[in-house]
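The primary structure of each chain is shown beneath.
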Amino acid sequence: MAGAGRRRDGRITPERILEAAMAAIAEDGLATLTMAALADRLDTSGGHLLYYFGSKDRLLLEALRWSEAALTEERRALLARRTTADRKLDQFLELYLPRGPRDPRWTVWIELWARTTGEGPLRAAQEELDLGWQSDLEVLLAKGAAQGRFTVPEAEIPERADTLLALLDGLSTRVVLSQHGTDRAGALRTARAAARRLVVA
């Protein structure tokens, strides 16, 4: 809607641009997302988008950060719930996996992985986002072990968490790319079975 998400000076807010980018990816895929197409969607100019983000890579990274920030709030709320550790782990798996093959967050993740080579700001940003999931999963596993719900030696918690997240990344990629007939339900079944083998008593 023209005028929505605009500041008093008429400029569209960065948050509105990121929201529109993720919506466009969900509807039409990443291949059709150009700065010009996004500008048309927002009824603004490509130069306006470049003013905020400078390049498509930067726009994608900031869209991913914006999406991950919302998930971080959900993840922290999940960890704070008064429920069993194994139930929290199950909910963690559900939150991590893509909703389906058109999941915009995972589409952007895969695109940025493909664009990342060596060291640099893009790699550093990705590692920062990954660390949030890793740290929270380690906390969850440690609490579950302390409660006797999980059988994970304290020294092995980081490695077990990393292994589970690597598996989730692989399953998520299969869902988004529709590989090997993997859908969200099948990925979730596989993730639950792997989690039980790794950590659940």
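That block above? That's the structure.
Here is what the cut-offs are and how they apply
- Residues numbered from 1 in each chain as written.
- Predicted model: local features only at pLDDT ≥ 70, side-chain atom pairs only at ≥ 80, totals over all residues.
- Heavy atoms only, no water.
- Salt bridge = Lys/Arg side-chain N within 4 Å of Asp/Glu carboxyl O.
- Helix = DSSP H or I, 4+ residues; strand = E, 2+ residues; numbered from the N terminus.
- Buried < 20%, exposed > 50% of the residue type's maximum accessible area, 1.4 Å probe, protein only.
- Phe/Tyr/Trp six-rings, centres within 6.5 Å; stacked < 30°, edge-to-face > 60°.
- Lys NZ or Arg CZ within 6 Å of the ring centre and 35° of its normal.

Participant: Just give me the short version of the pattern of salt bridges, but keep the residues and values in it.
Facilitator: This model, assessed by the stated rule, comprises 14 salt bridges. Linking R192 and E94 is a salt bridge whose minimum nitrogen-to-oxygen distance equals 3.0 Å. Highlighted residues: R192 in helix α9 (residues 184-198) and E94 in helix α5 (residues 85-96), separated in sequence by 98 residues. Here E94 falls in the partly exposed class, since its relative accessible area comes to 28%. When salt bridges with common partners are traced through the structure, they connect R58, E62, R65 and E128 into a single cluster.

Participant: Describe the packing of aromatic side chains, and please don't skip the residues or the numbers.
Facilitator: Enumeration according to the criterion identifies eight aromatic pairs in this entry. Here Y52 and F53 contribute two aromatic rings whose centre-to-centre distance is 6.2 Å and whose plane-to-plane angle is 55°, an arrangement assigned as tilted. Judged by centre distance (5.7 Å) and plane angle (40°), the rings of W109 and W113 are tilted. Separated by four residues within a single helix, W109 and W113 lie in helix α6 (residues 104-115), roughly one turn from each other. By relative accessible area, which is 2% here, W109 ends up buried. Looking at W113, the relative accessible area reads 31%, which means it is partly exposed. By the ring-pair criterion, three or more aromatic residues cluster together here, those being F92, Y96, W106, W109, W113 and W133. Taking NZ or CZ as reference, R75 lies 4.2 Å from the ring centre of W133, over its face.

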